[in-house]
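Each chain is listed here by its residues.
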Amino acid sequence: MDVEAAKLIGAGLATIGVAGAGVGIGTIFGEYVAGGFRNPAAAPKVFGNVLLGFALVEAVALYALVMAFLILFG
Amino acid sequence: MAAEHSPLEQFAITRLVELKVGGVDVSFTNSSAMMVAVIVLVTLFMALSMRHNAMVPGRWQLAAELSYEFIAKTVRDTIGTEGKRFFPFVFTLFMFVLFSNVLGLIPHSFTVTSHIIVTFALASFIFLSVTLLGFMRHGLKFLTFFLPPGVPMFLAPLLVPIELISYLSRPVSLSVRLAANMLAGHTMLAVFAGFVVALGLFGVAPFIFIILLYGLETLVAFLQAYVFAVLTCIYINDSIHLHH
């Protein structure tokens with residue numbers, strides 16, 4: 001197998017890691033909305049934490065994406 | 001036909017002024033020019049907005065005061081009253097990252113924070129300063145940070161290396177998070193721009209998607225700057241108040 005083909009396959013496989021972000025972000029915002037229905041007054045107070053959590057989860061997905069780019073273009 | 005343009009071409013560093021000091025290449029690059037632009041804009045924004053110092057703020061003064069109060073509140077909430085001395089640092093950091101991210105959104109401009117070396121320089125400086133701060137304030141007791149209170153002793157040999165590794169990965173995660181977000185966003189914009197050209201008349205669909213993507217990228221620019229500042233505050237808080 002030549003290097004170009006291996007690079008493409010490797011990049012495709014590395015992108016599977018981004019699936020974790022879907023689960024994580026869905027969990028964060030789902031819990032936020034569910035908590036908002038139970039305690040609407042507390043929702044604005046915790047929104048900062050929601051954004052922080054979202055960014056941290058997104059970061060892990062982007063590590064996977066960076067690996068894919070490194071494999072593809074490195 | 002036209003040459004193959006890679007979507008990663010926008011991140012290329014071009015030398016604007018060639019300079020060499022003792023064999024070391026210290027050229028003034030497009031990255032340096034953007035950093036100068038960022039610093040000039042931040043300084044002008046804060047200085048000129050507060051020029052009139054009115055009791056009832058006008059629009060510009062309101063924007064400057066809002067950004068000040070936003071970071072001041074974040075520092076207060078995470079570090080407490082001792083955070084006051086770190087506020088200038090966190091505010092400068094936040095404004096630099098924010099303006100760098102947003103200025104990169106201008107078409108044909110350069111995103112300073114999309115390069116891992118820039119974000120790694122910022123993150124490693126923060127990491128080293130915060131660790132030094134912890135050692136200066138608590139001496140060798142700072143190492144008790146890696147053994148959370150109330151942990152049974154037989155778990156310690158397992159827990160301390162894990163805590164140590166997760167602490168040492170902080171500069172890596174801090175830098176890669178910012179750089180990867182900027183890199184991925186701008187690369188997607190370039191890829192979809194390629195689709196617009198390739199599809200001809202049907203290029204309207206990717207074009208509309210690019211408009212939506214620009215909205216997302218603006219949100220990500222603000223969010224990543226905020227997350228960078230908040231995590232810095234959390235790390236400072238960890239050093240000052242040694243509990244988890």
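Keep in mind that this is a model prediction, so the values were computed, not measured. Sequence order sets the numbering: in each chain, residues are counted from 1 along the sequence as written. For this description, chains carry letters from A and ligands carry numbers from 1, given in the order in which they are written. Residues qualify for local features only when their pLDDT is at least 70, as the model is predicted, and side-chain atom pairs are given and counted only at 80 or more; totals for whole chains, interfaces and linings, by contrast, use all residues.

1. Quick look at the overall build of chain B
Inclusion rule: Numbering of helices and strands runs from the N terminus, with a helix taken as a DSSP run of H or I at least four residues long and a strand as a DSSP run of E at least two residues long. Around each residue's C-beta, the other C-beta atoms within 10 Å are counted; 20 or more make the residue buried, 12 or fewer make it exposed, and counts in between make it partly exposed. All C-beta atoms are placed from the backbone. It is the C-beta atoms, placed from the backbone, that decide contacts: two residues are in contact if theirs lie within 7 Å.
When its secondary structure is counted, chain B shows 7 helices and 4 strands. Sequence-ordered secondary structure for chain B, helices as α and strands as β, is β-β-β-β-α-α-α-α-α-α-α. The dimensions of chain B, computed from C-alpha atoms along their principal axes, are 70 × 55 × 50 Å. Taking all 244 residues of chain B together, the buried fraction comes to 27%. Across chain B, contacts joining residues at least 24 apart in sequence account for 61% of those joining residues at least 6 apart.

2. Brief notes about the overall build of chain A
The following threshold applies: Within these notes, the globule rule equals 2.2 Å times the number of residues to the 0.38 power, and the radius of gyration is based on C-alpha atoms.
When helices and strands are tallied, chain A shows 3 helices and 0 strands. Whereas a compact globule of 74 residues would reach a radius of gyration of roughly 11 Å, chain A reaches 17 Å, over 25% beyond that. Dimensions along the principal axes, computed over C-alpha positions, put chain A at roughly 60 × 15 × 10 Å. Counting across all 74 residues of chain A, residues that qualify as buried make up 9%. Taking the intrachain contacts of chain A between residues at least 6 apart in sequence as the baseline, contacts between residues at least 24 apart amount to 89%.

3. Quick look at the environment of B:L178
Residue and element names in this part refer to chain B. Within the secondary structure, L178 is located in helix α6 (residues 170-199). With 29 C-beta atoms counted inside 10 Å, the residue L178 sits in the buried group. C-alpha of L178 to C-alpha of M95: the two residues are 83 residues apart in sequence and 14 Å apart in space. Ignoring anything within four residues of it in the chain, the contact list for L178 reads V97, T113, T119, Q224 and F228.

4. Things to note about unusual backbone geometry
All names here are of chain B. Of note in this structure, N53 is not a glycine but carries a positive phi near 50°. Along the chain, N53 falls in the loop between α1 (30-49) and α2 (59-79). Judged by local crowding, N53 falls into the exposed class, with 8 C-beta atoms found within 10 Å. Look at H108: it is not a glycine, yet its phi comes out positive at around 70°. Structurally, the position occupied by H108 is in the loop between α3 (87-103) and α4 (116-138).

5. As for the nonpolar core
To be explicit about the condition: Each nonpolar core consists of buried Ala, Val, Leu, Ile, Met, Phe, Trp, Tyr and Cys residues. Their C-beta atoms, within 7 Å, join them into a set.
Within the largest apolar cluster, 48 residues are counted, with the highest numbers of intra-cluster contacts made by B:V90, B:F94, B:A225, B:F228 and B:A229. Where this core is concerned, the elements lending two or more residues are α3 (43-73) of chain A together with α1, α2, α3, α4, α6 and α7 (204-240) of chain B. Leaving out residues up to four positions away in the same chain, B:F228 has contacts with B:L93, B:V97, B:L174 and B:L178.

6. Describing the interface of chain B and chain A
Defined as follows: Three residue categories are used. Nonpolar comprises Ala, Val, Leu, Ile, Met, Phe, Trp, Tyr, Cys and Pro, charged comprises Asp, Glu, Lys and Arg, and polar comprises the others, including Gly.
Between chain B and chain A, the residue contacts involve 12 residues of the former and 9 residues of the latter. Listing elements by their share of the side of chain B that touches chain A, those giving two or more residues are α6 and α7 of chain B. Looking at which element gives the most residues to the side of chain B that touches chain A, the answer is α6(B), with 6 residues. Its residues placed into classes, the side of chain B that touches chain A shows 8 nonpolar, 3 polar and 1 charged.

7. Focus: α3(A)
For clarity, the cut-off: Every helix has an expected span of 1.5 Å times one less than the residues it contains. Across the chain, bend at a residue is computed as the angle between axes fitted to the seven residues ending at that point and the seven starting from it.
Between its terminal C-alpha atoms α3(A) stretches 43 Å, which fits the 45 Å expected from 31 residues at 1.5 Å a residue. The sharpest bend along α3(A) reaches about 25° and sits at A:N49. Within α3(A) the residues assigned to the buried category are A:A55, A:E58, A:A61, A:L62, A:L65, A:A68 and A:F69. Those residues of α3(A) that are buried lie in contact with α1 (3-14) and α2 (19-38) of chain A together with α6 and α7 of chain B.

8. Concerning the packing of α1(B) against α2(B)
Residue and element names in this part refer to chain B. The criterion, for reference: Where helices are involved, their axes are fitted lines through C-alpha atoms of the stretch in contact, as for all axes, and angles between N-to-C directions lie from 0 to 180°. In this scheme the handedness of a crossing depends on how the near helix is turned from the far one: anticlockwise by less than a right angle means left-handed, clockwise means right-handed.
Between α1 and α2, the least distance of the axes is 8 Å, while the angle of their chain directions is 115°. The way α1 lies across α2 gives a crossing that is left-handed. Contacts between α1 and α2 involve F45, M46 and S49 from the former and W60, Q61, A63 and A64 from the latter.

9. Section: the confidence of the model for chain B
Residues and elements named next belong to chain B. Stated formally: pLDDT measures the predictor's confidence residue by residue and takes values from 0 up to 100.
For chain B, mean pLDDT is 90; residues scoring 70 or higher make up 98% of the total. For chain B, the element scoring lowest by mean pLDDT is strand β2 (residues 20-21), at 86; α3 scores highest, at 96. Interface confidence for the predicted complex, expressed as ipTM, amounts to 0.76; the pTM equals 0.89.

10. Focus: the environment of B:P88
All names here are of chain B. Considering the arrangement of structural elements, one finds P88 in helix α3. Exposure remark for P88: the 10 C-beta atoms within 10 Å place this residue in the exposed category. For the pair P88 and I71, spaced 17 residues apart in sequence, the C-alpha to C-alpha distance is 9.6 Å.

11. Points about the packing of α4(B) against α6(B)
Each packed pair of helices is defined by two parameters, the angle between the axes and the distance between the axes. Residue and element names in this part refer to chain B. Running from N to C, α4 and α6 cross one another at 145°; their axes reach a closest spacing of 8 Å. Both α4 and α6 take part in a crossing whose hand is right-handed. Across the interface between the two elements, I116, T119, F120, A123, S124, I126 and F127 from α4 touch R170, P171, L174, S175, V176, L178 and A179 from α6. Looking at the contact of α4 with α6, its residues break down into 10 nonpolar, 3 polar and 1 charged.

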